[in-house]
Amino acid sequence: MCGIIGIICKIGGLKVFNKPLGEVIKESLINLEYRGYDSVGFAIIDPTTREMVIRKSKGKIREIEKRLGFNEYDGAIAIGHTRWATHGKPSDINAHPHTDCTNAIAVVHNGIIHNYMEIKKKLILKGHVFKSETDTEVIPHLIEEYLKQGYSLLESLRKAIKEMKGAYALALISIHEPDKIYFVRNVSPLIIGVGKNALFVSSDIPAFLKYTNKIIVLEDGDFGYISLNEIYIENIEKGIIDWKSKVRIIDWTPEMAMKAGYPHYMLKEIHEQPLALKNTLMSISNELDEISKLLINAKRIFITGAGTSFHASLAGEYLLNLIAGLNATSFISSEYMRFRKVFREGDVLIAVSQSGETIDTLMAVREAKKKGAKIIAISNIIDSAIPRESDIAIYTRAGPEIGVAATKTFTAQLLVFILIAYKLGEITGHEDKETLNNINEELKRISDITQNIISTYEPFIKKLAEKLATKTNAFYLGRVLGVPISMEGALKLKEIAYIHAEAYPAGESKHGPIALIESGFPVFFTILDDELKELILGNVEEMKARGALTIGLVPKGYEQAKEKLDVVMEMPRLTPYTAIIPYITPYQLIAYYTAVTRGYDPDRPRNLAKTVTVE
Amino acid sequence: MPEITALILAGGAGERIKLITGGKPKTLLKLAGKYIIEYVLDNVRNAGITRAIMVVNDPREYEDIAIKYGKYMQIDLIPQKLPEIEGAILSVKDMIRSDFMLIYGDIIAPSDMYKELLYMYISNNNYGIVLVPEEELETYGIAIISVAGKIQSFIENPSRGTPNAYVIGGAFILPREFIEVLETYGSVIKALDYINKKYRLKPYLWSGWWIDIGYPWDLLRASFYVLKQINKTIISDNAIISPKAVIDGPVIIEDKVEIDHYAVIKGPAYIGKETYIGTHSLVRNYVTLEGGNIIGAYCEIAWSNIQKDASIGRGSYIGFSIIGSEAVVEPGVTTLNILPKHMRPVRAIELSKRGKEYVKLGAIIGHKARVPAGKILKPGEEIG
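Residues numbered from 1 in each chain as written. Chains lettered and ligands numbered in written order. Predicted model: local features only at pLDDT ≥ 70, side-chain atom pairs only at ≥ 80, totals over all residues.

A look at the overall build of chain B
Looking only at helices and strands, chain B has eight helices and 38 strands in total. What you see for chain B is a C-alpha radius of gyration of 22 Å, in line with the 21 Å of a compact globule of 384 residues. C-alpha extents for chain B along the principal axes are approximately 65 × 50 × 35 Å. Looking at chain B residue by residue over its 384 residues, the buried ones come to 50%. (Helix = DSSP H or I, 4+ residues; strand = E, 2+ residues; numbered from the N terminus. Rg over C-alpha atoms; globule rule 2.2 N^0.38 Å. Buried ≥ 20, exposed ≤ 12 C-beta atoms within 10 Å, placed from the backbone.)

Right, dumping it as structure tokens:
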């Protein structure tokens, strides 16, 4: 997904918006960041020289805004783009806008043009010079070609649409007609905003809602242009469209659109997990061989991350121990200082960061690297800082995660660790063939299994949350692989429902924490289908005896546990290794629904930011 | 702006709640001083819709409401000619000429649910449907969701535990074509399936509160959410409240209410017009007295919905119960509430107080019913 914006205004941005048009473009793009944020760019026609100015770069808007200098450019017409690379690298060259050979036409585009190779070859033969690897770049060149043949811009666009196959939305400006923004909508969304002294065209309403609430939603096959005196919409099949009857006035908040289909990002992202797992599983292949080679030859293995990524790191450590029989040390990345004199050549550090920009993790990476260690990065953002500074990067394909509480990226990180441990297990032969086969089989179904758990327990948890909403404390207990899952469950409850929660290995209860238990104190038990499950029942009993409200995630059909617990959620019978993925989802839902019941906004936890880039 | 019409289904028999309604439509039951249908109309209004068609059993019963809301929207009252939801929709088939919002009139939820569904339609041209996570699948129609979050199919009366199922939430935005398809197939579920295959209905998963008024007990859950929104005490100037009475807010007290000496009202609660509360009575939280009620001296009422003109005789205890309009509870009646922990009927209310868990269930006393003096009602008992 990408976000596009086009703005045309009277005289210039400073007169209409009280700020340079470049600045307005930037603000619009920030509101489209939920659609992607790995590269940014804009094109503006210089009002004095009438030349096309292109500024673009990879990176998040807020990080590169100074370099691109949005506020240094004013004018009356501009287009902008924010990109989310799914195939191919985010890079300065691949960033939008793209131009034709003469730098007269600039295009921003969201979607795919399936037959772009064909068109590209044809255009190259005619002498066009391409700069990027993108499909988008064929658009300006194709238009340029038709213009050369003597067609008008509108006519050229119409011809181009007929030639390009795929799903796309685009905005186009040209120095030949500096008073018009041309557009096309074909499957990918595109909306026109009609203001008093400015018109907009964008992938979504939030991009311009600050300036106008009068909109026209374009339909598939619509194309045309906006200018200050005229709006022209034509449909490739239906002909000219009477746009006046399609103007709508809305009174919504900018946020509603971005969450399409859900009241909160967090719920949306919880529900996107099956797809995130599926995409991650499909995309990983060769890098696994390289990574396992590096790890098998490592003298020592370290794993680091912060927050949720640390919990994935801890799970990673356990998985390497259990499946591959390898020792590993996981640590919270801000504590890297203690290893300063420990890292040395031959070591491998696995750095886990959703954003790839977490400062503590980045510092740990630099420290280890300085001492000669090799670095493996696990990140959700292609080519972000940590992957860039690493020897090998492996990516989760969870898509943009906007909710501050990490959900889908956590399960995707767990999946990556399971895959790594599995690959190493094959080499070391630590686990028997049958178990490895089971893991393999289970991973094939993991997406469906997770989906099933989410939908099965969502109504149950919605009800349970009414009870939990009145609590002030909670414990999350597990043993071995159940520990990182419990820790992540507790973190979720803390960070969005503001209920104090603590997680620790269940065996520790009698060494202190049990003193806190009183009547109705909720205690969650993460009971996996392993040889420890009977031991954990002892922990259930000791909590129950003191009046705790015991809630358990239990392997299906484990009757003994069902008798002992007050509240039971039956989980699929899987090896404990893959089970950790579906097991975390009820905890995410519990935190979400408890927060909602308590009247908090799960997307805006107080005192927290999504990516921590300061120490 | 092209108008979208709300088609509100407010007719139907309401068999499961008949004891309380006495055969009148359930959308005309009262909850904290408003008719159920008024909650729906408020939501429609808040979503920005200005035209509504209401399908009702008898338009005369809704005239006053239509006039009241006529200030905000154009309302047509149409009598339901054929039975069931299908019949209700087909009763107005000639009046729907373009895309429309279909709304079940017996569902109460915050207006954001409708607003955001409409947003998806306006911003992206998506036809959509509200889905809710509910456990009792078997009493609803459901949608099955795919791994990619799309709707795969619709099922009528599924078995409990059907995987990947979400309950149809009673709000839809559909093309006019839906009505033609409904006429052909004769079933909402089949018609939805057809429309979904053709246009890809976009699900809107609603995670907030959502109550389908089907059983009398649903009124209690609804009053919990509705009363929770009251954040300060509002007392009508025309109410007569003894200086010795204790009003421990938030409570809404309407016109001509009389509260006698030493009565205690603990909010959140709603005391409707012309209600009398006798001396030394205790009205606890989540009680709604819908108006014209007479509560004798020394009564206690906890978490109950008392419809209009019902009276409760002196020395009675009514908890977790629903009393129909014009019912008479004679003096000294007691409802038993506490269920053993292992018994958890779905409609019971689970409470935790002072660290202890309770499962509570009271009685249903029907429209115009009379409970003889001194009677003890067991949890779940129904008096017709």
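Points about the interface of chain A and chain B
Taken residue by residue, the interface counts 42 residues in chain A and 34 residues in chain B. For the side of chain A that touches chain B, the secondary-structure elements that each account for two or more residues are β15 (247-249), α7 (255-258), α8 (265-271), α9 (273-283), α15 (433-468) and α19 (576-597) of chain A. Per-element tally for the side of chain A that touches chain B: the top contributor is α15(A), with 11 residues. Taken together, the residues that form the side of chain A that touches chain B break down as 20 nonpolar, 11 polar and 11 charged. (Contact = placed C-beta atoms within 7 Å. Nonpolar A, V, L, I, M, F, W, Y, C, P; charged D, E, K, R; others polar.)

Comments concerning the domain arrangement of chain A
Residues and elements named next belong to chain A. Domain assignment breaks chain A into domain 1 (3-255), domain 2 (259-431) and domain 3 (457-609). On a C-alpha basis, the centroid separation for the pair domain 1 and domain 2 is 37 Å. Across the contact, 10 residues belong to domain 1 and six residues belong to domain 2. Split into classes, the residues belonging to the side of domain 1 that touches domain 2 amount to five nonpolar, one polar and four charged. (Domains from an automatic or database assignment.)

Comments concerning the nonpolar core
A general trend in soluble globular proteins is that nonpolar side chains are found buried together. Membership of the largest hydrophobic core comes to 258 residues, with the highest contact counts inside it found for Met101(B) and Ile103(B). With 14 residues, α19(A) is the largest single contributor of residues to this core. Beyond its immediate stretch of four places on either side in the chain, Ile103(B) contacts Ala6(B), Leu7(B), Ile8(B), Leu9(B), Val40(B), Val44(B), Gly170(B) and Ala171(B). Ranked by size, the runner-up nonpolar core spans 74 residues in total, among them Phe42(A), Ala171(A), Tyr211(A) and Ile226(A). (Core = buried A, V, L, I, M, F, W, Y, C linked by C-beta atoms within 7 Å.)

As for unusual backbone geometry
Glycine aside, residues mostly have negative phi angles, and peptide bonds mostly take the trans form. In this structure, Pro97(A) follows His96(A) across a cis peptide bond, with omega equal to 0 degrees. Note on placement: Pro97(A) falls in the loop between β4 (77-83) and β5 (98-99). In this structure, Pro268(B) follows Gly267(B) across a cis peptide bond, with omega equal to 0 degrees. Topologically, Pro268(B) is positioned in the loop between β19 (264-266) and β20 (269-271).

Structural notes on helix α10 (residues 286-296) of chain A
Residue and element names in this part refer to chain A. All of the buried residues in α10 are Ile291, Ser292 and Leu295. Looking straight down α10, one finds that the buried residues subtend no more than 100 degrees of arc, so they occupy a single side. Projecting away from the buried face of α10 at angles above 90 degrees are the exposed residues Asn286 and Asp289. Each element contacted by the buried residues of α10 is listed here: β16 (301-305), β18 (348-353), β19 (374-379), β20 (392-395) and α14 (408-428). (Arc of directions from axis to C-beta.)

Considering the environment of Lys148(A)
In this fold, Lys148(A) is placed in helix α5 (residues 138-148). Put simply, Lys148(A) and Tyr600(A) are 452 residues apart on the chain and 59 Å apart in space, counted from C-alpha to C-alpha.

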